[in-house]
Every structure is written in C-alpha cells, then in structure tokens.
Amino acid sequence: MPYPFVASPNVTHTEGRAIDVVVMHTMEAAERLDTAEVVARWFARPDAEVSAHYCVDADSIVQCVREQDIAWHARGGNDHSIGIELAGYAGQGPKGWDDDYSWAVLERASALVADLCRRHDVPVRRLRADDLRARRRGLAGHADVSAAFGRSTHWDPGPDFPWRRFLRLIRMRLALASDVVERSAQP
Ligand SMILES: [Zn+2]
C-alpha cells in the first residue's frame, strides 16, 4: 500500500530487520484534516530528533520512515518496532475517542495496522510492559514501552485509548481480507 512519503532524517538505516511490535502514539496536536501532514513536516526537520513510520489523521496517512529503517519514536523499543502516530491526545477520555474524528482515525489506522500485521506476521494482541521485556510480539502503546524500559516518561496513547475497539477493527479487516483471498481462489 503506497502512501505519500515525507522522508524524516531522524532514522537509523538498516538493510532489513524483523518487526516484532507495532507501537501506537498520539500526536498531541489539534485534530484537523492536515494533522498528519503537519506532524510529518515536523519529523522532516533534523532538529526535531524524533520520527515515526506513519502519521494518521482522519482523512490521510503519511509515511515518514521506510519500514526497514528504525524510526526514533519510543526510546528503548525502537529496534524491532514500527511507530504509528495518531491524531489525538493522550489525555482524551472515552468521549474524546468516540467522536466522528477519532472514529475516522481509528478506522484508517486499523487498515494500516492490519496490513502491517499481515505482512510482518505480527499477532493482533495487546502487549504490556512485561510482554515487551520478554520480547513477545504484538501491539503496544508508547506508555507500555516507557514502562518496560524506563527510558521515557511518555504515556500516550493514554489510559482511555480504546484498545478493545481498535483490535476488533484490525481483526475485522484481516478477516475481510482473507475472505476475499479465499473467494478469489475458488474456480
Ligand atoms: Zn509517543
């Protein structure tokens, strides 16, 4: 799935690596239709000294780092992860995550994460700090990486991030995709 690419210089290049974890973040920037583009331009600045692979807002996805390269998004957990920034705030409550804008972000992000999980064979399950330390594979929040390795105080995507709903959306996408493949394989 090709996305518009705004290259960030804040990366560690590799010739290829194993992806074990998809790390979810919130951008902590106003929920607008150009939020992904605005944050991607910030990541494109060398003085930002941070980056993520993908930025997702309600109507678009911008890629900033190639998946084989290491983005600088979650200290202690970058080497084998893909970082995804969502438009929204870690401080959002359940209502904030339930408005039209956030639904659009989560729908869009779930399609992206389903594709990542399928291509990198990452299990669709929520990981906590203990799981990350044990190098289990799956999805985690930046907060979990911070708790696991103690190298950051970032707590996004926040305690009210709707993990259950998000994982359900991802599983629905994967079920839909495999259904299409099965049907098209039939004579
Ligand atoms: Zn973060």
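Residues numbered from 1 in each chain as written. Predicted model: local features only at pLDDT ≥ 70, side-chain atom pairs only at ≥ 80, totals over all residues. Heavy atoms only, no water.

Trainee: What is the right way to look at the nonpolar core in this model?
Mentor: Judged by nonpolar contacts, the single largest core of 31 residues is most densely connected at Ile84, Leu86, Val113, Leu139 and Phe166. Mapped by element, the contributors of at least two residues to this core are strand S2 (21-26), strand S3 (54-56), strand S6 (81-86), helix H2 (100-120) and helix H5 (163-185). The leading source of residues in this core is H2, at 9 residues. With near-sequence residues (within four places) excluded, Leu86 lies in contact with Met24, His25, Thr26, Met27, Val56, Val105, Leu106, Ala109 and Phe161. Residues Ala36, Val39, Val62 and Val65 belong to the second largest nonpolar core, which totals 12 residues. (Core = buried A, V, L, I, M, F, W, Y, C linked by side-chain atoms within 4.5 Å. Buried < 20%, exposed > 50% of the residue type's maximum accessible area, 1.4 Å probe, protein only. Helix = DSSP H or I, 4+ residues; strand = E, 2+ residues; numbered from the N terminus. Contact = heavy atoms within 4.5 Å.)

Trainee: I would appreciate a short explanation of the environment of Pro9 in the present structure.
Mentor: For Pro9, the position within the fold is in the segment before strand S1 (11-12). Leaving out residues up to four positions away in the same chain, Pro9 has contacts with Phe43, Ala44, Arg45 and Pro46.

Trainee: How should the pairing of S6 be read in this particular structure?
Mentor: In summary, the side chains of a regular strand alternate between the two faces of the sheet. S6 sits mainly inside the fold: 6 of its 6 residues count as buried. Of the two faces of S6, both are covered, the one formed by Ser81, Gly83 and Glu85 as well as the one formed by Ile82, Ile84 and Leu86. Across 6 bridges, the pairing between S2 and S6 is parallel. Its bridge partner being in S6, Val22 is matched across the sheet by Ile82. Here S3 pairs with S6 via 3 bridges, running parallel. (Pairing = 2+ DSSP bridges.)

Trainee: Looking at this structure, how should I read the packing of H2 against H5?
Mentor: The geometry of H2 relative to H5 is characterised by a closest axis approach of 8 Å and an angle of 55° between their N-to-C directions. Compared by their axis directions, H2 and H5 come out oblique. Regarding H2 and H5, the two cross each other, and that crossing is right-handed. For the pair H2 and H5, contact is made by Trp103, Leu106, Glu107, Ala109, Ser110, Ala111, Val113, Ala114 and Arg118 and by Arg165, Phe166, Leu169, Ile170, Arg173 and Leu174, respectively. Of the residues contributing to the contact of H2 with H5, the split by class is 10 nonpolar, 1 polar and 4 charged. (Axes fitted to C-alpha atoms, helices over the stretch in contact; angles between N-to-C directions. Parallel < 35°, antiparallel > 145°, perpendicular 65-115°, else oblique. Left-handed = near helix turned anticlockwise from the far one by under 90°. Nonpolar A, V, L, I, M, F, W, Y, C, P; charged D, E, K, R; others polar.)

Trainee: Would you explain the coordination of the zinc ion in this entry?
Mentor: By definition of the ideal shapes, a tetrahedral metal site with four donors has angles of 109.5 degrees and an octahedral site with six donors has angles of 90 or 180 degrees. Here the zinc ion is held by the protein donor atoms His25 (ND1), His142 (ND1), Asp156 (OD) and Asp156 (OD), which lie 2.0 to 2.7 Å from it. With 4 donor atoms in place around the zinc ion and angles of 51 to 136° between them, the coordination shape is irregular. In primary sequence terms, the donor set of the zinc ion follows H-x116-H-x13-D. Taken as a pair, His142 in helix H4 (residues 142-149) and Asp156 in the loop between H4 and H5 lie far apart in primary sequence, 14 residues in all. This pair shows no difference in class: His142 is buried, exactly as Asp156 is. (Donors = N, O, S within 2.8 Å, 3.2 Å for Na, K, Ca; no water. Tetrahedral: all angles 85-135°; square planar, octahedral: opposite > 155°, others 65-115°.)

Trainee: How should H4 be read in this particular structure?
Mentor: In an α-helix, one full turn covers 3.6 residues, which means residues spaced three or four apart are oriented alike. Among the residues making up H4, those that are buried are His142, Asp144, Val145, Ser146 and Ala148. Check the buried side of H4 and you find it contacts S2, helix H3 (129-133) and strand S7 (138-141).

Trainee: Looking at this model, I keep getting lost on the sheet that holds strand S4 (residues 61-63). Mind explaining?
Mentor: Consider a sheet: its strands pair through backbone hydrogen bonds, and that pairing is either parallel or antiparallel. With respect to topology, 5 strands assemble into an open sheet ordered S4-S3-S6-S2-S7, the strand pairing being mixed. Only two strands of the sheet have a single neighbouring strand rather than two, namely S4 and S7. Averaged over neighbouring strand pairs, the angle between their axes works out to 25° when direction is ignored. Pairing of S2 with S7 involves 4 bridges; the strand directions are parallel. Note that in S7 the partner of Met24 across the bridge is Gly141. Sitting on the sheet, H2 is in contact with S2, S3, S4, S6 and S7, with an inclination near 170° to S6.

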